[in-house]
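# Tertiary structure, described
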Amino acid sequence: MIINNARFIISNTDYRKCPQEVRHEYAFIGRSNVGKSSLINMLTGVKGLAKTSATPGKTMLINHFLVNNQWYIVDLPGYGFAQRSKADRDRLEKIIKSYILGREQMTNLFVLIDSRHKPLKIDLEFMEWLGVSGIPFSIVFTKMDKQSATAGESKTNDYLATLLETWEELPPIFRTSSEKGFGKDEILNYIEEMNKLPLLAVE
C-alpha cells in the first residue's frame, strides 16, 4: 500500500463523538513511551503527524487521522504510566476501554510492545482482556533497531513463547523500527487486506 496523504481530523475523550462515517479504523495502543507516535509517523510518512514527546504518557485523547481519504489511524492514550494520579489513570482506562468495546468501526487494534523488554504483567493482562472481550488485535514489537538483530529475534521469540504457555494461538505479529522504517510494508499490507472486509452500517 502507498500512503498518498494523511491528516489529523479530530481529538476526543468520548468515542461517541468520534467521526461517524463508516470507514475502517486501525487503533494503536501501548504502554507510555513505547514509540506509538513515532510508529504512526513512520507508517504514514508524515513527520510530526502524531505528536511525539519526551514526557511519557502525554497523549490523553483519542486522535483520528484520515489516511488516503479512505480509512483512519487512531492514536489511543497510553496505559500504565504510574506517575499519573489514580483519578487520571481511572479516566484514561475509561476512555480506552469505552472506545475499544464501543467503537464499531474499529477493524483492528495494534498493541505495541517494546521489543527490548521481558513480558510485563500490565501488557499480558491487557492482551488477555482483549482476548476475553473478543477484540481483534495484533502485536507490534517496537524499537527493534535498539538492539542487535540476533538479540531482537531472541527476545521477541521468548516473548511469544511466554504467550503460548496460556494462548492456543497467536494473533498477527509485526516487528518494527520507526527509525529504520522496518516493518512498515508488512503492517500497511495487512491493513490493505483488512480494508477489503465489509463494514456494517453503524447505528
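Look up a bit, the structure's there.
Quick caveat, the model's predicted, so the values are computed rather than measured.

Quick look at the nonpolar core now. Across soluble globular proteins, you tend to see nonpolar side chains buried next to one another. Counting 30 residues, the largest nonpolar core has Ile100, Leu109 and Val111 as its most contacted members. Elements with a minimum of two residues in this core: β2 (25-30), β3 (62-67), β4 (71-75), α2 (86-102), β5 (106-114), α3 (121-133), β6 (137-142) and α4 (149-164). Look past the residues within four positions of valine 111 in its chain and what remains in contact with it is Ile29, Tyr79, Phe126, Met127, Leu130, Phe137, Ser138, Ile139 and Val140.

With 9 of 9 residues buried, β5 is to be regarded as a mostly interior element. Alignment of β2 against β5, held across 6 bridges, turns out to be parallel. Paired with alanine 27 across the two strands is leucine 109, which belongs to β5. In this view, the connection linking β5 to its parallel neighbour β6 by way of α3 has right-handed handedness.

In this model, α3 (13 residues) spans 18 Å end to end at C-alpha, consistent with the 18 Å of a helix rising 1.5 Å per residue. Among all positions of α3, only Asp123, Phe126, Met127, Trp129 and Leu130 are buried. Seen along its axis, α3 keeps its buried residues to an arc of 150°; they face one direction. Exposed side of α3, more than 90 degrees from the buried face: Lys121 and Val132 are the residues found there. Here the buried face of α3 lies against β2, α2, β5, β6 and α4.

A separate point is the side chain of serine 138. Structurally, the position occupied by serine 138 is in strand β6. A distance of 3.2 Å separates the side chain of serine 138 from the side chain of asparagine 108, its partner in a polar contact. Beyond its immediate stretch of four places on either side in the chain, serine 138 contacts Asn108, Leu109, Phe110, Val111, Pro171, Pro172, Phe174 and Tyr190.

Now for the packing of aromatic side chains. Per the counting criterion, the structure on display carries 9 aromatic pairs. Note on phenylalanine 137 and tryptophan 167: the rings are 5.9 Å apart at their centroids and 90° apart in plane angle, and the pair reads as edge-to-face. Here the residue phenylalanine 137 occupies a position in strand β6, and tryptophan 167 occupies one in the loop between α4 and β7 (173-175), the gap between them amounting to 30 residues. Residue class for phenylalanine 137 comes out buried when judged on its relative accessible area of 10%.

Next up on the list: the sheet that holds β4. Spatially, β1-β3-β4-β2-β5-β6-β7 is the arrangement adopted by the 7 strands of the open sheet, whose pairing is mixed. Two strands lie at the open edges of the sheet, namely β1 (6-12) and β7, each paired on one side alone. If you compare each strand with its neighbour and ignore which way they point, the axes differ by 25° on average. In this structure, β1 lies alongside β3, joined through 6 bridges in antiparallel fashion. Across the sheet, isoleucine 10 pairs through a bridge with histidine 64, a residue of β3. Against the sheet, helix α1 (residues 36-44) engages β1, β2, β3, β4, β5 and β6, with an angle of about 145° to β2. The strands that helix α5 (residues 184-194) touches are β2, β4, β5, β6 and β7; relative to β5, the one it contacts most, it runs at about 160°.

Quick notes on the rules
Residues numbered from 1 in each chain as written. Predicted model: local features only at pLDDT ≥ 70, side-chain atom pairs only at ≥ 80, totals over all residues. Heavy atoms only, no water. Core = buried A, V, L, I, M, F, W, Y, C linked by side-chain atoms within 4.5 Å. Buried < 20%, exposed > 50% of the residue type's maximum accessible area, 1.4 Å probe, protein only. Helix = DSSP H or I, 4+ residues; strand = E, 2+ residues; numbered from the N terminus. Contact = heavy atoms within 4.5 Å. Pairing = 2+ DSSP bridges. Right-handed = clockwise from strand over helix to strand, strands pointing away. Expected span 1.5 Å × (residues − 1). Arc of directions from axis to C-beta. Polar contact = N/O pair within 3.5 Å; in protein donor to acceptor, adjacent residues only side chain to side chain. Phe/Tyr/Trp six-rings, centres within 6.5 Å; stacked < 30°, edge-to-face > 60°. Axes fitted to C-alpha atoms, helices over the stretch in contact; angles between N-to-C directions.

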